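Report on the structure
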Amino acid sequence: LDLVSAAAYSSQEEIDTYEPAGKHFLASYLDCDLEALKDVDTLITVMDQAVEASGATILDSNAYRFSPESVTVVYLLSESHASIHTYPEHGACFIDLFTCGDSCSSEKFDEILRGYLKPKEVDAKLFLRSHTTQEVAPSHS
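A brief structural summary. (Residues numbered from 1 in each chain as written. Predicted model: local features only at pLDDT ≥ 70, side-chain atom pairs only at ≥ 80, totals over all residues. Heavy atoms only, no water.)

Description of the pattern of salt bridges
The full count for this structure, using the stated rule, is 4 salt bridges. Across the pair Arg-114 and Asp-110 runs a salt bridge whose closest N-O atoms are separated by 2.9 Å. Here Arg-114 pairs with Asp-110, and both are found in helix 5 (residues 106–117), just 4 residues apart, close to one helical turn. Taking the relative accessible area as the measure of exposure, Arg-114 reaches 22% and is therefore partly exposed. In this structure, Asp-123 engages Lys-125 in a salt bridge whose closest nitrogen and oxygen atoms are separated by 3.3 Å. A relative accessible area of 41% places Asp-123 in the partly exposed class. (Salt bridge = Lys/Arg side-chain N within 4 Å of Asp/Glu carboxyl O. Helix = DSSP H or I, 4+ residues; strand = E, 2+ residues; numbered from the N terminus. Buried < 20%, exposed > 50% of the residue type's maximum accessible area, 1.4 Å probe, protein only.)

Spelled out as structure tokens, the structure:
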């Protein structure tokens, strides 16, 4: 348990009894709106909005632009991480949101990104992670 995580607990007893667990949402968006995928600046803004709408706390983010229009954006969250990797030449992107605890919503994250990218096909999976990993059907697939 790191210092940032430990600050969320009010007592040593809470730290000692904490069971690490989280939700990992993964999605492939296919046949997306090409202009939305290629507009990297707006895509980053929408990704910021999606992460914030999920209820996660952004600690830092970094974007790497590939020539001519692809981008990878990674977010360091208090709850864990989020990312997007775009492939405009294929009309596709892959998104990822992993959050510890139960306070964040992958549904809101997904809703905002789908609203902007308008994929015609989506393959989405939600995993519950703790000492094991269990796939569950996302309510937003």
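Description of helix 4 (residues 40–53)
Relative to the 20 Å expected for 14 residues at 1.5 Å per residue, helix 4 spans 20 Å between its end C-alpha atoms, a close match to the ideal helical length. Where helix 4 is buried, its residues touch helix 3 (34–38), strand 2 (58–66), strand 3 (70–77), strand 4 (80–87) and helix 5. Gly-55 sits one or two residues past helix 4 and shows a positive phi near 95 degrees. (Expected span 1.5 Å × (residues − 1). Contact = heavy atoms within 4.5 Å.)

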